[in-house]
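Commentary on secondary and tertiary structure
Here are the chains, one letter per residue:
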Amino acid sequence: MTLAEERAIESKIRDIVETVQRQNPDIVRARFQFEEDWTGQPALYIRITLRDAATRPSRLAAVTSAIREELRSALRNSEIEGTPSVRFRSQSETLDMPDPKWA
Amino acid sequence: MGLPQDLLDQAELLTVLDKKRPKQANLRRAISTAYYAVFHLLIEDGPNNWKVPGQQSRFARIFDHGRMRQAAERIPKRLAKPDAGDPILKSSPAQLDALLQIAESFNELQRERHRADYDTAAQWTRDECIEILKLAESVFTGWAKIRKSPAAQEFLFAMLSRDR
């Protein structure tokens, strides 16, 4: 893959992640990056920080499954191959356990 | 209940074992166990289609994590650009949609299980871990709906073979 192709894919992913964030008031912050998975292949990680209220047991599964499906679906429609790993933390957890990947 | 559900229950227990800040070791074991719950859920149905009872436990050991990943990775591609004769297409759109979710979630869970077992730098929070368990639960729910469908049967077969 050329550098230009890589940048085009990254730009598409950024658009998708930003769109999903804009459409979901439960999202405080959304970050993405490629990391190597256990097979040595690049894997897309999307890290979503949620408002604490969205991580209550009564809401967590519904909120995260909707966001995950929006992301998966948009990436498939953009013909970006590979399943993203979508991780979720509450806002208070990201403050309690600072990590540059979530900042 | 069975082993898959017991494993999922065990994973849930591990996430709430520590009252205050959860130990990373417990969260890692919870994630790994959630993946194995899904792994056993799927491989349990493979031998169920095999009619010789004495061979069923041996049959289950044929399943291999790498080949299962490859089969799961191919599902989105097979559905996006289907071959006319692909047996997976004998299922309804709702069943195919459920299979897509299961295959993608399987890949995500397997990737996370490897991080939990081998990436010593990785860390998780409790909510993050609980959410991963919810993803595993969603595979249980989806699989219960489609496990007897042509799509699910084809998925199981693809996990055993090299060509699909």
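To be clear, the structure that these remarks concern was listed above.
A short tour of the structure in this document, coming up. (Residues numbered from 1 in each chain as written. Chains lettered and ligands numbered in written order. Predicted model: local features only at pLDDT ≥ 70, side-chain atom pairs only at ≥ 80, totals over all residues.)

Turning our attention to the overall build of chain A. Assigned secondary structure in chain A consists of three helices and three strands. Taken from N to C terminus, the helices and strands of chain A fall in the order α-β-β-α-β-α. Over its C-alpha atoms chain A spans a radius of gyration of 14 Å, differing by no more than 12% from the 13 Å that the globule rule assigns to 103 residues. In terms of its C-alpha atoms, chain A occupies a principal-axis envelope of roughly 45 × 25 × 25 Å. Across the 103 residues of chain A, 31% fall into the buried class. Long-range contacts, defined here as pairs at least 24 residues apart, represent 58% of the contacts in chain A between residues at least 6 apart. (Helix = DSSP H or I, 4+ residues; strand = E, 2+ residues; numbered from the N terminus. Rg over C-alpha atoms; globule rule 2.2 N^0.38 Å. Buried ≥ 20, exposed ≤ 12 C-beta atoms within 10 Å, placed from the backbone. Contact = placed C-beta atoms within 7 Å.)

In this section: the packing of helix α5 (residues 93–118) of chain B against helix α7 (residues 150–160) of chain B. Residue and element names in this part refer to chain B. Where α5 meets α7, the closest approach of the two axes is 9 Å, and the angle between their N-to-C directions is 35°. Contacts from Gln95, Leu96, Leu99 and Ala103 in α5 reach Ala151, Ala152 and Phe155 in α7. Tallied by class, the residues present in the contact of α5 with α7 amount to six nonpolar, one polar and no charged. (Axes fitted to C-alpha atoms, helices over the stretch in contact; angles between N-to-C directions. Nonpolar A, V, L, I, M, F, W, Y, C, P; charged D, E, K, R; others polar.)

A few words now on the environment of Asp117 of chain B. With respect to the helices and strands, the residue Asp117 of chain B is situated in helix α5. The sequence separation of Asp117 of chain B and Ala94 of chain B amounts to 23 residues, and the corresponding C-alpha distance is 34 Å.

Here we come to the interface of chain A and chain B. One frequent convention defines the size of an interface as the accessible area lost when the parts assemble. On the chain B side, the residues contacting the 18 residues of chain A number 16 residues. Broken down by secondary-structure element, the contributors of at least two residues to the side of chain A that touches chain B are α2 (60–77) and β3 (85–90) of chain A. Ranked by residues supplied to the side of chain A that touches chain B, first place goes to α2 of chain A with six residues.

With that out of the way, let us pick up the pairing of strand β2 (residues 42–50) of chain A. Residue and element names in this part refer to chain A. Note: strand β1 (residues 27–36) against β2, nine bridges, orientation antiparallel. Across the sheet, Glu35 pairs through a bridge with Ala43, a residue of β2. Strand direction decides the pairing type here: β2 and β3, joined by six bridges, are parallel. Looking at β3, one finds that Tyr45 is bridged to Ser85. With α2 bridging β2 and its parallel neighbour β3, the resulting β-α-β unit is right-handed. (Pairing = 2+ DSSP bridges. Right-handed = clockwise from strand over helix to strand, strands pointing away.)

In this section: the pairing of β3 of chain A. Most of β3 of chain A sits inside the fold, with six of its six residues counted as buried. Residues of β3 of chain A alternate between two faces, with Ser85, Arg87 and Arg89 of chain A on one and Val86, Phe88 and Ser90 of chain A on the opposite face, all of them buried.

Before going further, it helps to examine α7 of chain B. Those residues of α7 of chain B that sit buried are Ala151, Ala152, Glu154, Phe155, Leu156, Ala158 and Met159 of chain B. In the core, the buried residues of α7 of chain B are packed alongside α2 (24–48), α4 (65–80), α5 and α6 (126–146) of chain B.

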